[in-house]
Amino acid sequence: GTMSTYMTFAGILMMAGLMVLSRMFFGRKLEPWAAMALGAIAICLFLTLTRQAWLGFVVGAAFLIYKRERKLLLALPVILVLVKMLAPVAVKERLASFANLKDATFLTRVDLWRGGWAIFKDHPLTGCGFKCVDKVYQQYPEHAKILARYKGMHNNVIQLAVDTGIVGVSAWISLWICYLVALYSLSARNTGERWINLGCAGVILAFLAGGMFEVNFYDSEVVMLMYFLMALPFSDPKA
């Protein structure tokens, strides 16, 4: 891809793929180009080997399938099994690591979360500031090595708790609650394109799911696209 890292590229593919899937499910007519685009996006997404983006895509796709036809959710496990059977070896290994609680990268994340929790406990209200881990990690000898190497928490909530404390985390959670309520209200009034409204909801769910294992909220290329998509349902003057 053309992004700075494979994780950034995967995040963009995840969101773009879900919008295409929503258009296929809820668009006004069947468009062959959408199916071809989704196939290309899905292949590229798999080849990034980015598990948090895979997880986000599955969560978002499950939401869209549920809104399209609940019974189709029964096919989702079958599709995942087929993907695992037919995927390249590298993809199979990454998929298998989902169930491995001793996976090295998962254990690294757990260590980072513990270090982040230790910092948060010392700065609970407003956190210790943006990029503060660079300055305070030496105060936590038990976690200093892992914090010095990675600095980021690989979890949006923990990262914001460290940087901005309870105040910032509360504001961040409120942002998503308010947005989803506004989007639901918009959809209930049958305002705007249904595929855009549902696609954006799927993107938000995917972003939040992936953000449990990666700080995608601090990834500017990803959030710029997300903000653009979030605004689409409200771009109709009737909204």
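Let me sum up the structure you'll find in this document. (Residues numbered from 1 in each chain as written. Predicted model: local features only at pLDDT ≥ 70, side-chain atom pairs only at ≥ 80, totals over all residues. Heavy atoms only, no water.)

The biggest cluster of nonpolar side chains holds 45 residues, and the ones touching the most others in it are Leu18, Trp176 and Met226. Elements supplying a minimum of two residues to this core: helix 1 (6-26), helix 2 (32-47), helix 3 (51-68), helix 9 (156-188), helix 10 (194-210) and helix 11 (220-231). In terms of residue count, helix 1 provides more of this core than any other element does, ten residues in total. The residues touching Leu18, leaving out its near neighbours within four places in the chain, are Gly56, Phe57, Gly60, Ala61, Leu64, Gly202, Val203 and Ala206. (Core = buried A, V, L, I, M, F, W, Y, C linked by side-chain atoms within 4.5 Å. Buried < 20%, exposed > 50% of the residue type's maximum accessible area, 1.4 Å probe, protein only. Helix = DSSP H or I, 4+ residues; strand = E, 2+ residues; numbered from the N terminus. Contact = heavy atoms within 4.5 Å.)

Among the structural elements, Phe207 can be located in helix 10. The spacing of Phe207 and Gln52 is 155 residues in sequence and 9.1 Å in space, taken between C-alpha atoms. Those residues in contact with Phe207, other than ones at most four positions away along the chain, are Met14, Asn156, Trp176, Asn216, Phe217, Val222, Val223 and Met226.

Bringing the packing of helix 3 against helix 10 into the picture now. Between helix 3 and helix 10, the least distance of the axes is 8 Å, while the angle of their chain directions is 145 degrees. Relative to helix 10, the crossing made by helix 3 is right-handed. Contacts between helix 3 and helix 10 involve Gln52, Leu55, Gly56, Phe57, Val59, Gly60, Phe63, Leu64 and Lys67 from the former and Arg194, Leu198, Gly199, Ala201, Gly202, Leu205, Ala206, Ala209 and Gly210 from the latter. Residues belonging to the contact of helix 3 with helix 10 are distributed by class as follows: ten nonpolar, six polar and two charged. (Axes fitted to C-alpha atoms, helices over the stretch in contact; angles between N-to-C directions. Left-handed = near helix turned anticlockwise from the far one by under 90°. Nonpolar A, V, L, I, M, F, W, Y, C, P; charged D, E, K, R; others polar.)

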